[in-house]
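A structural walkthrough
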Amino acid sequence: QVQLVESGGGLVQPGGSLRLSCAASGSIFSINAMGWYRQAPGKQRELVAAITSGGSTNYADSVKGRFTISRDNAKNTVYLQMNSLKPEDTAVYYCNAGVRVGWGTPEYDYWGQGTQVTVSS
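Residues numbered from 1 in each chain as written. Predicted model: local features only at pLDDT ≥ 70, side-chain atom pairs only at ≥ 80, totals over all residues. Heavy atoms only, no water.

1. Section: the pairing of strand 8 (residues 77-82)
- In terms of burial, strand 8 is a largely internal element, five of the six residues being buried.
- As defined by bridge partners, strand 3 (residues 18-26) adjoins strand 8 across six bridges and the pair is classed as antiparallel. Residue pairing across strands places L20 opposite L80, the latter belonging to strand 8.
- Alignment of strand 7 (residues 67-72) against strand 8, held across six bridges, turns out to be antiparallel. Following the sheet pairing, D72 is matched in strand 8 by T77. (Buried < 20%, exposed > 50% of the residue type's maximum accessible area, 1.4 Å probe, protein only. Helix = DSSP H or I, 4+ residues; strand = E, 2+ residues; numbered from the N terminus. Pairing = 2+ DSSP bridges.)

2. A short note on the pairing of strand 11 (residues 115-119)
- Residues T115, V117 and V119 of strand 11 are buried on one face, while the alternating residues Q116 and T118, pointing to the opposite face, are not.
- Relative to strand 11, strand 2 (residues 10-12) runs parallel, the two being bridged by three bridges. Residue pairing in the sheet places V12 in a bridge with V119 of strand 11.

3. Some remarks on the environment of V48
- Assignment of secondary structure puts V48 in strand 5 (residues 46-51).
- On the basis of relative accessibility, which here comes to 0%, the residue V48 falls in the buried class.
- Linking V48 and A60, residues twelve residues apart in sequence, is a C-alpha distance of 5.2 Å.
- With residues up to four places along the chain from it excluded, the contact list for V48 reads W36, Y37, R38, N58, Y59, A60, V63, F67, L80 and Y93. (Contact = heavy atoms within 4.5 Å.)

4. Description of unusual backbone geometry
- Residue N76 is not a glycine yet carries a positive backbone phi of 50°.
- In this structure, N76 sits in the loop between strand 7 and strand 8.
- For N76, a relative accessible area of 24% corresponds to the partly exposed category.
- Despite not being glycine, S84 shows a phi value in the positive range, around 50°.
- Relative to the assigned elements, S84 resides in the loop between strand 8 and strand 9 (91-100).

Here is the structure:
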């Protein structure tokens, strides 16, 4: 069993910053890509940022230059530093990881429970 636990969400004023963390634990052999998605009320879940095990990153156009994704492979943890936050960044943020639980086993997607980020004055 694999668990992803997010932390760091909350209420912040426009222009402020937050840092999200997501730690993976359980029967983990290896983790490929890790990422952050978000879902605002009435909208589909969308990719915010992703990072491979080698450190390559990609971002949604709406967050480029404001958000930074990073990971600590030794801790199976991924981070999302969010700066210059805007009201339109308000959403539930979900962590995602592609995990293998053993040698030669297929990769499965795991999701965290989500953490609320609200940007409002």
